[in-house]
Amino acid sequence: MKNKCIVHFCFFTILTCLGLPGLCGQSNGSDAINRVATINFKGLKKTKTSYLIPFLKTKIGQPFDQTQLDEDRQVLLNLEGIADVNYQIDTLHEGLALNFEIKEALTFYPIINFGGVRGNFWYQLGFTDANWRGKGIKLTAFYQNIEGRDNGNFHYRNPHIKGGQWGASFNLQRIASTEPLILPDN
């Protein structure tokens, strides 16, 4: 009876180790399969990958977390210049590949304005780009002529210096007008 119990115990132990390798001190590689191996961006035309990576909480080599991936998708959607974000998760031998499908928004717009009242005509020509150089930098420049006087504006705004939380803005503007304003009735 004692020998029969030992045989059953050994048989049970062997089956357990074959079915559940983690219990016997062996690894079947499931840790590697549940880790992020690569992060790829598809559909980028203007935006640089190096600009997007610092905004992601998901990093290469860390365990996969669906909640964190959904948060990363929302963070990318909130960036100027990004219209839509979807993702796919592919299983590779060395882990998971996260593939973000990105649709970029149009960020370069011309500025063309004109108008006036009797005796005062003005026009404005320039451009604005909300994703200049593909790094989320906003650049606006325009020339404006009011009553024959030259005006202009140059605006530079980098909201995330080196992907961080700090930013900088610079504005240079020239405003020229006739002073004092004299109206015929006053």
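Residues numbered from 1 in each chain as written. Predicted model: local features only at pLDDT ≥ 70, side-chain atom pairs only at ≥ 80, totals over all residues. Heavy atoms only, no water.

Things to note about the overall build of the chain
Piece 1. When helices and strands are counted, the chain shows four helices and eight strands.
Piece 2. Listing the helices and strands of the chain from first to last along the sequence gives α-α-β-α-α-β-β-β-β-β-β-β.
Piece 3. When the 186 residues of the chain are sorted by exposure, 27% land in the buried category.
Piece 4. A fraction of 36% describes how many contacts in the chain between residues 6 or more apart in sequence connect residues 24 or more apart.
Piece 5. Here the chain displays about 13,000 Å² of accessible surface, and carbon together with sulfur accounts for 59% of that area. (Helix = DSSP H or I, 4+ residues; strand = E, 2+ residues; numbered from the N terminus. Buried < 20%, exposed > 50% of the residue type's maximum accessible area, 1.4 Å probe, protein only. Contact = heavy atoms within 4.5 Å. Areas by Shrake-Rupley, 256 points an atom, 1.4 Å probe, with all protein chains shown as cover.)

Observations regarding the sheet that holds strand β2 (residues 82-92)
Piece 1. The strand order across the open sheet formed by three strands is β1-β3-β2, and the pairing between neighbours is mixed. Both edges of this open sheet fall to β1 (36-42) and β2, since each of them pairs with a single strand only. The mean inter-strand angle of the sheet, taken between neighbouring strand axes irrespective of direction, is 20°.
Piece 2. Relative to strand β3 (residues 95-104), β2 runs antiparallel, the two sharing ten bridges. Within β3, the position partnered with Thr-91 by the bridge is Leu-96. (Pairing = 2+ DSSP bridges. Axes fitted to C-alpha atoms, helices over the stretch in contact; angles between N-to-C directions.)

Notes on the packing of aromatic side chains
Piece 1. Enumeration according to the criterion identifies seven aromatic pairs in this entry.
Piece 2. Aromatic pair Phe-41 and Phe-100: ring centres 5.5 Å apart, planes at 15°, arrangement stacked. One end of the pair, Phe-41, is in strand β1; the other, Phe-100, is in strand β3, and 59 residues separate them in sequence. With respect to burial, Phe-41 and Phe-100 carry one shared label: buried.
Piece 3. Look at Tyr-123 and Tyr-143: their rings are 6.2 Å apart centre to centre, the planes differ by 55°, and that puts the pair in the tilted class. Of the two residues, Tyr-123 is situated in strand β5 (residues 120-132) and Tyr-143 in strand β6 (residues 137-146); the sequence distance between them amounts to 20 residues.
Piece 4. Here Tyr-123 falls in the partly exposed class, since its relative accessible area comes to 29%.
Piece 5. Here the aromatic residues Phe-41, Tyr-87 and Phe-100 are joined through ring pairs into a cluster of three or more. (Phe/Tyr/Trp six-rings, centres within 6.5 Å; stacked < 30°, edge-to-face > 60°.)

A few points about helix α4 (residues 66-78)
Piece 1. Relative to the 18 Å expected for 13 residues at 1.5 Å per residue, α4 spans 19 Å between its end C-alpha atoms, a close match to the ideal helical length.
Piece 2. All buried positions along α4 are accounted for by Gln-68, Leu-69, Asp-72 and Leu-76. The arc that holds every buried residue of α4, seen down its axis, measures 100°, which confines them to one face. The exposed residues of α4 that point more than 90 degrees off its buried face are Thr-67 and Asn-78.
Piece 3. Those residues of α4 hidden inside the fold are in contact with β1, α3 (49-52), β2 and β3.
Piece 4. Its side-chain oxygen 3.2 Å from the backbone nitrogen of Thr-67, Asp-65 forms the N-cap of α4. (Expected span 1.5 Å × (residues − 1). Arc of directions from axis to C-beta. Polar contact = N/O pair within 3.5 Å; in protein donor to acceptor, adjacent residues only side chain to side chain.)

Notes on the pattern of salt bridges
Piece 1. The tally for this structure, following the rule as stated, stands at three salt bridges.
Piece 2. For Lys-57, the salt bridge goes to Glu-71, with nearest N and O atoms at 3.4 Å. Here the residue Lys-57 occupies a position in the loop between α3 and α4, and Glu-71 occupies one in helix α4, the gap between them amounting to 14 residues.
Piece 3. Accessibility expressed as a relative area gives 37% for Glu-71, which makes it partly exposed.
Piece 4. Where Asp-84 meets Arg-73, a salt bridge forms, and the shortest distance between an N and an O atom there is 4.0 Å. Of this pair, Asp-84 sits in strand β2 while Arg-73 sits in helix α4, placing them eleven residues apart in sequence.
Piece 5. The class for Asp-84 is partly exposed, based on a relative accessible area of 31%.
Piece 6. Residue Arg-73 is classed as partly exposed on the basis of its relative accessible area of 24%. (Salt bridge = Lys/Arg side-chain N within 4 Å of Asp/Glu carboxyl O.)

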